[in-house]
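Descriptive structure summary
Each chain is listed here by its residues.
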Amino acid sequence: MSQTPCIFCKIVAGEIPARKVFEDDDVLVFHDIHPQASMHLLMIPKRHVENLYDADETHSAVLGKMMTIAGKIAHEQGSPDGFRLVANNGRVGRQEVYHLHFHLLGGTEPLGSGMNRH
Ligand code: 5GP
Ligand code: ZN
């Protein structure tokens, strides 16, 4: 858990609500509160880590799990024909919430072609 209040840690703890679509001991997936696509999910490790700069070998298993389940979740949540997986890291990456997360963006029609923003 973070020393500072972290909004995603509060979602993990159930202290603030979220529309969850998947949860196990290590990973939580929920709808982004401001969707940028018809499917816009956030996938987070339950154990707080700021971003990929701070990831180390102790995060390998959960990172692997997230990559392994992303396709199945995207398929189930309305993206059967493709989706985008994005992690914004740090200032240059325009990260807003400093708890590592992957955006799963999709729907049934192709997303915008820009790579700059999710
Ligand atoms: P970032 O810019 O850090 O990659 O993305 C953070 C994302 O978290 C944004 O897309 C924003 O809409 C989402 N977000 C911020 N606060 C909340 C919240 O309280 N609940 C949910 N479900 N999403 C949030
Ligand atoms: Zn956190």
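A brief structural summary. Just so you know, these numbers come straight off a predicted model, no measurement behind them.

**Regarding the site of ligand 1**
Around ligand 1 there are 17 residues in total, and D32, E96, V97, H101 and H103 lie nearest to it. In this structure, a nitrogen atom belonging to ligand 1 sits 2.9 Å away from a main-chain N or O atom of H31. Its free accessible area being 530 Å², ligand 1 has 88% of it covered by the protein chains. Secondary structure elements with two or more residues in the shell around ligand 1: α1 (7-13) and β2 (27-31). No other element matches α1, which puts three residues into the shell around ligand 1. When the residues that make up the shell around ligand 1 are grouped by side-chain class, the tally is seven nonpolar, seven polar and three charged.

**Notes on the coordination of the zinc ion (ligand 2)**
Those protein atoms acting as donors to the zinc ion (ligand 2) are C6 (SG), C9 (SG), H48 (ND1) and H99 (ND1), and they sit at 2.0 to 2.3 Å. For the zinc ion (ligand 2), the four donor atoms in the first shell make angles of 102 to 118° at the metal, so the coordination geometry reads as tetrahedral. Within one chain, the residues serving as donors to the zinc ion (ligand 2) are arranged as C-x2-C-x38-H-x50-H. Here H48 is found in the loop between β3 (39-45) and α2 (60-76), whereas its partner H99 is found in the loop between β4 (83-86) and β5 (102-106), with 51 residues between them in sequence. Residue H99 is classed as buried on the basis of its relative accessible area of 0%.

**Notes on the side chain of S79**
Mapped onto the secondary structure, S79 falls in the loop between α2 and β4. For S79, the residues in contact, after removing those within four places along its chain, are M39, A74, G106 and G107.

Parameters and conventions
- Residues numbered from 1 in each chain as written.
- Chains lettered and ligands numbered in written order.
- Predicted model: local features only at pLDDT ≥ 70, side-chain atom pairs only at ≥ 80, totals over all residues.
- Heavy atoms only, no water.
- Near = heavy atom within 4 Å.
- Polar contact = N/O pair within 3.5 Å; in protein donor to acceptor, adjacent residues only side chain to side chain.
- Areas by Shrake-Rupley, 256 points an atom, 1.4 Å probe, with all protein chains shown as cover.
- Helix = DSSP H or I, 4+ residues; strand = E, 2+ residues; numbered from the N terminus.
- Nonpolar A, V, L, I, M, F, W, Y, C, P; charged D, E, K, R; others polar.
- Donors = N, O, S within 2.8 Å, 3.2 Å for Na, K, Ca; no water.
- Tetrahedral: all angles 85-135°; square planar, octahedral: opposite > 155°, others 65-115°.
- Buried < 20%, exposed > 50% of the residue type's maximum accessible area, 1.4 Å probe, protein only.
- Contact = heavy atoms within 4.5 Å.

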